[in-house]
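Observations on chain architecture
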Amino acid sequence: MRLVLVGAGHAHLHLLARAERLQAAGLEVTLIAPPEFHYSGLATGVLSGAFPEAAARIDVAALAASHGVLHLPTLVESVDLHRRTLALGGGGDRGFDVISFNVGSRVSDPGGLAGMPDVWPVKPLSRLFDLKASLEAVLIAKGRAPAIVVAGGGQTGFEIAAALAGLCARHGQYADITVVSPGPPGWAPSPALSGLTRHLGARGVCVIGGEVTAREPGLCRLADGRSLACEMLVLAGGLIAPPLIAGLDLATDGAGRLRVTPQLQAKEDGAVFATGDCAVIEGAARPPAGVFGVRAAPILLANLIAGATGARLRAYQPQRRWLSVMDLGDGTGLALRGRLWWRGRTALWLKRRLDLGFVAQARRIRPDA
């Protein structure tokens, strides 16, 4: 039975490390993904200058080779579920019997701003590393921080702004950053948000209400007609599934995420599995967060094996509360779990321990490979 894994997100990295179990169940495993994976948990640490880019990079090609998985370092252009074939980037196709998607998300960009000069979407993560290099070049050449606007008042927008302020501080410059939030931020308890806003304000980050709708040289315009000085625009708004998911012609939610059962299967096609940011479980919707891909991974592994061997599939019930820790770019972090929160160095220590541990585990190559 031919199993194709599309994407190398958290869950598929788990499967790669346990590919022998899939193969023992009679599955011929192929991974279609870029040769490298950038771990999102360390992305803001790289952006702030605390880590080199290499710290967040995982060699997917080496992992696949060490576990006997055929790796095709390309992208899937389209999927024909009726014929059970994939059209691959650069030409050619690939057949499958079972397919799993773990392709992450992209930034919603209804205004089509991403292709304009000095506009930086936060996905793919490689764009953040390009942003870092560009900002450092300005800081060195001009000896001042440029005016930066971060469009998006969610947790991602705040954390990106904090990381950019941290990078400015590393170069001895006071940040000039505006976070534009379309609505009142509600992703953390009010006391946590108030304290975080004051903390960032002291570092050159201000938060205003509004929606960025247009980009012009040296400025951006808001929906209400206001304009802001803007030398760099960072798009950190809502995350949506990649177009590939919509092209499956299966049921999706408002963010384009594939609707799956608790067994992680598409509702209309039991041969299609999906996890992570590109999927949503019916009756248990959760925001995009790496923790859910990590927790779903063992269930995905068990169900792919069960489907190949005729065993009963297991259900995944994502937790109602989960730990999320933000890197604030100045040696401190903000930890959130439900209505509980704390900010300080211990929060960042915990984040570093979890993230570096995940990367170390994911990089582990079979000693006999």
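Parameters and conventions
Residues numbered from 1 in each chain as written. Predicted model: local features only at pLDDT ≥ 70, side-chain atom pairs only at ≥ 80, totals over all residues. Heavy atoms only, no water. Pairing = 2+ DSSP bridges. Helix = DSSP H or I, 4+ residues; strand = E, 2+ residues; numbered from the N terminus. Axes fitted to C-alpha atoms, helices over the stretch in contact; angles between N-to-C directions. Contact = heavy atoms within 4.5 Å. Phe/Tyr/Trp six-rings, centres within 6.5 Å; stacked < 30°, edge-to-face > 60°. Buried < 20%, exposed > 50% of the residue type's maximum accessible area, 1.4 Å probe, protein only.

A separate point is the sheet that holds strand S13 (residues 176-181). One open sheet accounts for five strands, arranged S11-S18-S12-S13-S14; its pairing is parallel. Each of the sheet's edge strands pairs with one partner strand only, and the pair in question is strand S11 (119-121) and strand S14 (205-209). Taken over all neighbouring pairs, the strand axes of this sheet differ in orientation by 20° on average, direction set aside. The pairing of S13 with S14 spans five bridges and is classified as parallel. Residue pairing in the sheet places valine 180 in a bridge with isoleucine 208 of S14. With respect to the sheet, helix H6 (residues 155-170) is in contact with strand S12 (147-151), S13, S14 and strand S18 (232-235), its orientation differing from that of S13 by roughly 180°.

Let's shift gears to the packing of aromatic side chains. Within the structure shown, the criterion is met by two aromatic pairs. Measuring from ring centre to ring centre gives 5.3 Å for phenylalanine 158 and tryptophan 187, while their planes differ by 65°; the resulting arrangement is edge-to-face. You can see phenylalanine 158 sitting in helix H6 and its partner tryptophan 187 sitting in the loop between S13 and helix H7 (190-201), a full 29 residues away along the chain. Under the relative-accessibility criterion, phenylalanine 158 is labelled buried at 1%.

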